[in-house]
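Read off the chains here:
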Amino acid sequence: MNVKAFFLTLWFVICTSSVVAQGFAGLGQSVDGYALPKPDKVFTFPDDHGAHPDYRIEWWYLTAILNDDDGQNYGVQWTLFRTSLDPDGTSQVWMGNAGITTPAEHFTGERLARGGIGQAGVTTEPFAAWIDDWGMVSKAGVGDPLDTLELTATLPNASYTLDLNANGPMIFHGDNGYSVKSNSGQASHYYSQPFYQVRGTLNLPSGDVEVSGLGWLDREWSSQPLDADQLGWDWFSLHFDSGDRLMGFGLRDANGQSFSYASWITADGNVSPSNDLRITPLRWTNVVDRMVPVDWRLELPSQSLDITTKALNDDSWQSTLFPYWEGPVFATGSHQGRGYLEMTGY
Amino acid sequence: MISAGAHALWSYWARHRLQLVVVIIGLALATGLWTGVQAINAEARASYDRAATTLGQTQFSHITRNDAPLRIKDFVVLRRAGWLVSPLVQGTLRGTGIEVVGFDPFTAPINTTFPDLSGDGDLSKFLSSPGMIFAHPDTADLLPENVPPVRILETVPPDQILTDVTIAMSLLKRDTLSSILVLGVQPERRLPLVDVNAEYIITEPAQRSDMARLTDSFHLNLTAFGLLSFAVGLFIVYSAIGLAFEQRRVLFRTLRALGLSRCSLMYLLASEALVLATLGGGLGVVLGYIMAAALLPGVAATLSGLYGASVSGSLSLNPFWWLIGFGMAYFGAAVAVSGNLWQMSRLSILAPAMPRAWLVAGAITARLQAIVGSFLILLSLLLGIFGESLIAGFACLAAMLLGAALLVPLALMSIVSLLSRSSRGVISQWIWADTRQQIQPMSLALMALMLALAANVGVSTMVGSFRSTFTGWLDQRLASDLYITTRTSAEAVAFQEFVSADVESILPIVSADVRLAGSPGQVFGIKDHEIYRAHWPLLESVPDVWDRVAQGDGILVNEQFARREQLWTGNTLKLAADFQFEIVGVYSDYGNPAGQAFINYEIFEKRYPDITPLRFALNADNPSYLRDKIVAEFGLPRDNTINQQEVKAFSMQVFEQTFLITNALNVLTLGVAGFALWASLTTVVGMRLPQVAPVWALGFTRKSISVIEMSRSLLLAALTAVLAIPIGLGLAWILLAIVNVRAFGWRLPMELFPWDWAQLFIWALVGATLAAAMPIRKLIKLPPSELLKVFANER
């Protein structure tokens, strides 16, 4: 889950610095009029792949961990955020974030658009999410529209085109897609497609690179995401060599406490939600004048998991309107694997 | 010993408080003048830059389409093709004359006028109906009641309001965009424009208007004045510090005789100069600020006349001015002190006791100065003839001024010598000889006076020439009553039909971007019409110039092009291998940096069939009424409709303001120079007792001596003023014919204003009288015992 997006998009409507200074106080109250996630929600597709304008925030969030023929590793991010400026959903703002990470470089792209004019949006039949010339477009003839996607983005100095094919089912986090974010009960609707095989081309300043690897799509929407004293979060999506997957996050509050959650996903798509995830920062480094933990220890006793993750590139900083760290990581320990880490609030 | 020396030096100031005040005020005035001019200049430029970058209209290329007006969907199509573009809507709010600028906050280039929408709910209010308007406080009061809620934003140019693009469209009751801006940096991989839509065309950043170019001249004017004030200020600082040295020679001798080492004394004097410069400089910066604040509204009005009220009349305090002010004071003090210290280090311990020897040494200095001065004048000539850059132009100016100033003492001495030949009798011979001797101690003050007067003549001549030339040119160039720019060919067709009944004539203005002799330029097609024949400002032409253009084999080029390429009447200009003309005339085109040419309209049409006219010159009985009618019908932005009378009225207003500013600065410069003269005379009176006392002893009354002294001051001032006039004219000539040509590529004809010189001459005499009055009064009141003392001791 990408809790970050809750913050990011809420920052869009609430002054950044004052929000941080108040420890995000006030977010809990300012939901008046917007729709709220319900535990008994029944998902219907393809409708729920589309936008939910009566909810305050929503995103289509894709990360891919890739490598070329020489074994060189890359990471790619593609995100479309939607924010509703008023509860009746008439005024929508869209924000695109894209990133390409190599061991030595990190490329960032960002786009903004108003809703209602066609510059950005999401359609369900056929499925397409876009902002400007960036797109996440379904190529699926049969089955779920998200099973086959074409993904494109143009960054200032780089671009990419990727084809994604899912070879597993969609995954619903929390309680059948009702994902709780704090002890006070803040929640979102949250599902993923973590089984993408990815193939495509990265157009880098140094030249074009053919890549392949694994992709993960998150879909999430809500109106009242976080508890008042929560400061930021650390979110992992990992593909293990065994074929199993893990989605886990920890939400940090002002007291240094963390609210954590994990979905253990077996290779055939069975999900075990659990609240015993322990995440511990191991190594901090200075990124754009702030200290950020780039290596982590993850423990999930219920799955006998005890791993260490290391960043592909310590400087995977997305210097966008609302900056955050987002980049590929590699896991070693009880399980071997690779995936994505996202950190906000540093 | 050092502390005793320091104490002695300062006790001198304690006893001569007035003199201390004089030195500090001298420094302060010079620093203040320089700082003030710099402050005005910097503020005016900053304001101008702010105005020019409003939403970046002037910096960015824009996209239009050939076949239809632009709509939001064109913007979306371009974005989706990978182009980083932003929509812009501009138009006049009906019945107000206020320009509505609608932009898209998500894609617009960020700049200084970008409103802050980060407040809670701001973005939502801004985007959705009824919307939100950002306006300058002055504009907010003028808005009608039925507009969306207004927020004050100082950085919005007056007479303009900023709002969301969709709100702007509804305010202007239209569904089309004015333009689509192309942001500076584009992704490498984007669809070629022609593949997006073959009807889209991209236009490079709009050339700045003629008016905007002309205001560069105004800035140059101010810059030149800054330079002059620097020279005048430097002289004054130099003389103020120099005087302080001069007057304490006796003290220095005593200190040295008492055993203070030369090194220690020099060290003490240098420290003293540092303290004086700090005090004077600090005071000067404050003075400069006050002066700038007082004059800036005038500058603001001047610039707002040109830019449509875009300059705020308030002054912000810039640390840079403080630095530059202090730098000026320290630099002047350093120059003055180093020269004096150098002289002192070479004089023997007893030499300062002999002021006459010092004055004789002064005559040698005058000759040396004259040699350096002549060399500088020669250098100035060489720079004027062979230099090509703007820097060389300014160097030419500086060398001329400094050289002329250095020549002043010798020139005055020579004139006085010449005049003295006609003198008969002992008394008159004494008067002439004494006058001649007095020139050297007063030389710095006289140089400063000369520079101030020359600056006055030069700047007035330049501004005056500028005004008469430019207004005359406007009369010719904007001969039609109304100039209208439509946005699309469809609108142009509709427009011509719409106005046809109301106008006497309607002339299309059509141009193509071409390369003129290799450089980017424009060629215009013009119809053969009486308006052009009667008014077009031709600098040179063949006798049947207009017939030749009408026949299609003649071309007119602008002065800039002719000068740059050295292609004048009679030469052939090739626009393409199969498209060449004889140049039949050259016209003045002030304000335009690029090359420009005019050919016959039909020839143009045949050669460039794709280009249809969007601009029109109209002649009508009631242009204001017609303009309102056109704006109401087509909702054209303000910049697209130019009423010739308004432009002229604006220009006159601008020049009146410019005159006010230059007059104020002139009076100040003159005041500062008068002050230096006064300080100089005050000192000289004390030093001249050995010369005056014998005359008094021979039977002259103190009163008659005073009359002689006053006449002498007036004579020197008058001679200096006479010298200043040719130097001032030289200065104006360099500004108009060298600096302006190098900066802008066109030359302004110089006009002479003898009445101004007469006034200035009188002012110089008034200044000299005021400056001399107090020292001479002191002489009258001098007790005879003081005069007797001259004979009693050796001082």
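See the structure shown above.
Just so we're clear, the structure is a prediction, and the values are computed from it rather than from any experiment.

**Focus: the overall build of chain B**
Working step 1: The helix and strand inventory of chain B stands at 26 helices and 18 strands.
Working step 2: Counting across all 795 residues of chain B, residues that qualify as buried make up 54%.
Working step 3: Put simply, of all contacts in chain B between residues at least 6 apart along the chain, 79% involve residues at least 24 apart.
Working step 4: Carbon and sulfur atoms provide 63% of the accessible area of chain B, an area that totals close to 33,500 Å².

**Section: the nonpolar core**
Working step 1: In this structure, Leu446, Met450, Leu453 and Leu677 of chain B are the most contacted members of the largest nonpolar core, which totals 63 residues.
Working step 2: Listed by contribution, the elements that provide at least two residues to this core are helix H12 (355-386), helix H13 (390-420), helix H14 (426-439), helix H15 (443-477), helix H22 (644-687), helix H24 (702-744) and helix H25 (754-781) of chain B.
Working step 3: Top element by residues in this core is H24 of chain B. It accounts for 15 residues.
Working step 4: Every residue in contact with leucine 446 of chain B, bar those within four places of it in the chain, is listed here: Val408, Leu412, Ile439, Leu677, Leu716 and Thr720 of chain B.
Working step 5: Ranked by size, the runner-up nonpolar core spans 42 residues in total, among them Phe127, Met136, Met170 and Val198 of chain A.

**Description of the pairing of strand S3 (residues 99-103) of chain B**
Residues and elements named next belong to chain B.
Working step 1: Across the 5 residues of S3, 5 count as buried, placing the element largely inside the fold.
Working step 2: Both faces of S3 are covered, namely the face carrying Glu99, Val101 and Phe103 and the face carrying Val100 and Gly102.
Working step 3: Pairing analysis gives 5 bridges linking strand S2 (residues 85-92) to S3, with the strands arranged antiparallel. Bridging across to S3, leucine 88 finds its partner in phenylalanine 103.
Working step 4: Adjacent in sequence and paired antiparallel, S2 and S3 are bridged by 6 residues, among which glycine 95 carries a positive phi angle near 80°.
Working step 5: When S3 meets strand S6 (residues 160-164), the two strands line up parallel, connected through 5 bridges. Within S6, the position partnered with glutamate 99 by the bridge is glutamine 160.

**Examining the pairing of strand S8 (residues 148-154) of chain A**
Residues and elements named next belong to chain A.
Working step 1: A large share of S8 lies buried, amounting to 5 of its 7 residues.
Working step 2: As paired elements, strand S7 (residues 134-138) and S8 share 4 bridges and run antiparallel to each other. Residue pairing in the sheet places methionine 136 in a bridge with leucine 151 of S8.
Working step 3: In this structure, S8 lies alongside strand S9 (residues 159-166), joined through 7 bridges in antiparallel fashion. Residue pairing across strands places threonine 148 opposite asparagine 165, the latter belonging to S9.
Working step 4: The hairpin turn running from S8 into S9, its antiparallel successor, is 4 residues long.

**Focus on the interface of chain B and chain A**
Working step 1: Listed by partner, the interface residues are 27 residues for chain B and 24 residues for chain A.
Working step 2: Of the roughly 1,900 Å² buried between chain B and chain A, counting both surfaces, carbon and sulfur atoms make up 53%.
Working step 3: In terms of surface lost to chain A, no three residues of chain B exceed Arg80, Phe106 and Arg189 of chain B, which account for 33% of the buried area on that side.
Working step 4: Linking chain B with chain A are 3 salt bridges.
Working step 5: A salt bridge links arginine 114 of chain A to aspartate 164 of chain B; the nearest nitrogen and oxygen atoms lie 2.5 Å apart.
Working step 6: Counting the contacts that link chain B with chain A gives 5 residue pairs in polar contact (both at pLDDT 80 or more).
Working step 7: Going through the elements one at a time, helix H3 (72-80), helix H4 (122-127) and helix H6 (165-171) of chain B are the ones with two or more residues in the side of chain B that touches chain A.

**Details of the side chain of glutamate 99 of chain B**
All names here are of chain B.
Working step 1: Among the structural elements, glutamate 99 can be located in strand S3.
Working step 2: Residue classification places glutamate 99 among the buried positions, given a relative accessible area of 2%.
Working step 3: Only 3.3 Å separates the side chain of glutamate 99 from the side chain of glutamine 160, close enough to count as a polar contact.

**Examining the sheet that holds S3 of chain B**
Residues and elements named next belong to chain B.
Working step 1: Pairing is mixed in the open sheet, where 8 strands are placed in the order S5-S4-S6-S3-S2-S7-S1-S8. Among the strands making up the open sheet, the edge pair consists of strand S5 (150-152) and strand S8 (200-203). Taken pair by pair, the neighbouring strands of this sheet meet at an average axis angle of 30°, ignoring direction.
Working step 2: Two elements, strand S1 (residues 61-65) and strand S7 (residues 179-182), share 3 bridges in a ladder whose sense is antiparallel. Looking at S7, one finds that isoleucine 63 is bridged to isoleucine 180.

**Looking at the packing of aromatic side chains**
Residues and elements named next belong to chain B.
Working step 1: In this structure the tally under the stated criterion is 29 aromatic pairs over all chains.
Working step 2: Between phenylalanine 103 and phenylalanine 126, the ring centres sit 5.7 Å apart and the planes meet at 50°, which makes this aromatic pair tilted. Note that phenylalanine 103 is positioned in strand S3 and phenylalanine 126 in helix H4, a separation of 23 residues in sequence. When sorted by exposure, phenylalanine 103 lands in the same class as phenylalanine 126, which is buried.
Working step 3: Ring geometry for phenylalanine 126 against phenylalanine 134: centres 6.0 Å apart, planes inclined by 50°, an arrangement best described as tilted.
Working step 4: You can call phenylalanine 134 buried: its relative accessible area is 4%.
Working step 5: Ring-pair connections join several aromatic residues into one group, and the members of that group are Phe524, Tyr532, Trp536, Trp546, Tyr587 and Phe598.
Working step 6: Note that lysine 527 overlies the ring of tyrosine 601, its terminal NZ or CZ placed 4.9 Å from the centroid.
Working step 7: We note arginine 712 situated over the ring of tryptophan 430; from NZ or CZ to the ring centre the distance is 5.8 Å.

**Considerations on helix H23 (residues 689-697) of chain B**
Working step 1: Every buried residue of H23 of chain B is listed here: Leu689, Gln691, Val692, Ala693, Val695 and Trp696 of chain B.
Working step 2: Glycine 699 of chain B, located one to two residues past H23 of chain B, shows a positive phi value of around 120°.

Definitions and limits used
Residues numbered from 1 in each chain as written. Chains lettered and ligands numbered in written order. Predicted model: local features only at pLDDT ≥ 70, side-chain atom pairs only at ≥ 80, totals over all residues. Heavy atoms only, no water. Helix = DSSP H or I, 4+ residues; strand = E, 2+ residues; numbered from the N terminus. Buried < 20%, exposed > 50% of the residue type's maximum accessible area, 1.4 Å probe, protein only. Contact = heavy atoms within 4.5 Å. Areas by Shrake-Rupley, 256 points an atom, 1.4 Å probe, with all protein chains shown as cover. Core = buried A, V, L, I, M, F, W, Y, C linked by side-chain atoms within 4.5 Å. Pairing = 2+ DSSP bridges. Buried area = accessible area lost by both parts, 1.4 Å probe. Salt bridge = Lys/Arg side-chain N within 4 Å of Asp/Glu carboxyl O. Polar contact = N/O pair within 3.5 Å; in protein donor to acceptor, adjacent residues only side chain to side chain. Axes fitted to C-alpha atoms, helices over the stretch in contact; angles between N-to-C directions. Phe/Tyr/Trp six-rings, centres within 6.5 Å; stacked < 30°, edge-to-face > 60°. Lys NZ or Arg CZ within 6 Å of the ring centre and 35° of its normal.

Coordinates in, geometry out; function isn't part of it.
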